[in-house]
Amino acid sequence: MGRRFGWLWAAYSVSALGTWLAFDAFSVIAVIALHAGPAEVALLAAAGPAVGAVAAVPLGPWVEFRRKRPVMTAMDLIRFAALLTVPLAYALGALGLGQLLLVSVVVAAADITFNAASGAFLKSLVPADRLLTANARFESTNWTALVLGPPLGGAAIGLFGPVTTVAANAVSFLLSALGIRAVGAGEPRPAQRDVQRLRAADLLDGWRHILTSRALRPLFFNSLAGNALIMVAAPPLAVLMLGRLGFTPWQYGLAFAVPCLGGLLGARAARPLVARYGQWRVLRAASALRAVWPLGLAFVGPGLPGLLLVMVLEFGVITCSAVYSPVYATRRLEHTPDDRVARTLSAWSVTGKATTAALTALWGLLASLTGPRTAIALAGILLLATPLLLLRGTTTARPSPATVPPSPDGSRPSR
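Residues numbered from 1 in each chain as written. Predicted model: local features only at pLDDT ≥ 70, side-chain atom pairs only at ≥ 80, totals over all residues. Heavy atoms only, no water.

## A word on the packing of aromatic side chains
Considering all chains together, one arrives at seven aromatic pairs under this definition. Ring centres 5.6 Å apart and planes at 45° place the aromatic pair Phe-5 and Phe-138 in the tilted group. One end of the pair, Phe-5, is in helix α1 (residues 3-21); the other, Phe-138, is in helix α7 (residues 131-160), and 133 residues separate them in sequence. The exposure class of Phe-5 is buried, given its relative accessible area of 2%. We classify Phe-138 as buried; its relative accessible area is 11%. (Phe/Tyr/Trp six-rings, centres within 6.5 Å; stacked < 30°, edge-to-face > 60°. Helix = DSSP H or I, 4+ residues; strand = E, 2+ residues; numbered from the N terminus. Buried < 20%, exposed > 50% of the residue type's maximum accessible area, 1.4 Å probe, protein only.)

Following this line, the structure appears as structure tokens:
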């Protein structure tokens, strides 16, 4: 894949490890250090990403017409600086939910902007026939970090305090910025159309492309609903396991780390499965299979049996998700013209974070009124319906943007 991809992969690896060392760190800090309840934990998990998603809306068009590598470096440095304020405030005895909320807003906006830029940069860096290989490597790395990160993070919290993993995550973004800088120059200059003037229509281009594409529209709604319904159960499950069931932070981290071995299995299986059955069949099967597991989380009990049940259920979800993710990421890039990648990925991320945030807040309220188990069960039941969103998809391949002649205004037509 080349030296430049190697540096990009290294940067991704270090930031992924930092992210998963700090797995659910703000929720853990809120529960253990600030003694927050289910509604406050859900608000923290929801409001920050939601506001961050809104703040990121104009950044998609802005990123589109700029070199992507400097944008990625800047977003890493912003996340480093924002996260570093948390351990500093904790050391001074001034940490509160308000600061955690503000930091989560900044980090969410930077996440969306970074992901939009990195997707476009990857497409320019890697040949089209190697995109699935590259995405599968990122997916394998992500799950490797998940195997190592949460238990190490839980142990670090137990030994050194609740903000330790946030500090480690901040440093990981600094190292990622250095790795991205080492990728070197050579990125093609984007079109400089209206760089200085952001038009209202530019804000909608990403959504317009997604909703008018027969290849992307069903995938968009399926990933949106599936990811949100999986994530909304996390705060009630954290409250249930760390509170009522009495699991320690390291046990909570272990419950989600061991099943991530399934992520390695799924990521390695994605490419041969696509080669044998095709993208669309693999996406539909993986979407259906990942939906059957989370309902069981509503029946988790205390002690070793409860811990083992969480591990088994999460192993099923993670294995299927690890097959789904690199295939859907590759299909999304393949079906997006080069001059719309950043706007499309930004629109996708904004919608996903906003939807997950809104539903997380709603599920937090539901958990407060009915209990964590009821909230987890309802999310699992609704998740069972999400595979139906892929029933009307298309297996038709669209032409590569390189083979589609540009229209007179310089843009390329889309399906």
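## Things to note about the UniProt feature "transmembrane region" (unreviewed entry) in the protein
Listed under "transmembrane region" (unreviewed entry) in the UniProt record, and renumbered for this structure, are residues 7-35, 41-65, 77-95, 219-238, 250-270 and 372-391. The distance separating the terminal C-alpha atoms of residues 77-95 is 22 Å; by composition the span is 79% helix and 0% strand. What you have in residues 250-270 is 86% helix and 0% strand, and the ends, taken at the C-alpha atoms, are 31 Å apart. (UniProt positions renumbered as here; feature names shortened; annotations may be inferred.)

## A look at the side chain of Asp-76
By the secondary structure assignment, Asp-76 is in helix α5 (residues 68-91). You can call Asp-76 buried: its relative accessible area is 0%. Those residues in contact with Asp-76, other than ones at most four positions away along the chain, are Phe-114, Phe-173, Ser-176, Ala-177 and Ile-180. (Contact = heavy atoms within 4.5 Å.)

## Description of helix α3 (residues 38-56)
Relative to the 27 Å expected for 19 residues at 1.5 Å per residue, α3 spans 27 Å between its end C-alpha atoms, a close match to the ideal helical length. Those residues of α3 lying buried are Val-41, Ala-42, Leu-44, Ala-46, Ala-47, Gly-48, Pro-49, Gly-52, Ala-53 and Ala-56. As for α3, its buried residues are in contact with α2 (25-32), α4 (59-64), α6 (97-125), α11 (234-244) and α16 (341-370). (Expected span 1.5 Å × (residues − 1).)

## Some details on the nonpolar core
Ranked by size, the top nonpolar core spans 25 residues in total, and within it Phe-5, Leu-8, Met-72 and Leu-122 carry the most contacts. Only α1, α5, α6, α7 and α16 provide two or more residues apiece to this core. A per-element tally of this core places α6 first, with eight residues. Non-local contacts of Met-72, meaning those with residues more than four positions away in its chain, are made with Leu-8, Phe-114, Ala-117, Ser-118, Phe-121 and Ile-180. Within the second largest apolar cluster, 22 residues are counted, among which are Leu-240, Phe-247, Ala-255 and Ala-298. (Core = buried A, V, L, I, M, F, W, Y, C linked by side-chain atoms within 4.5 Å.)

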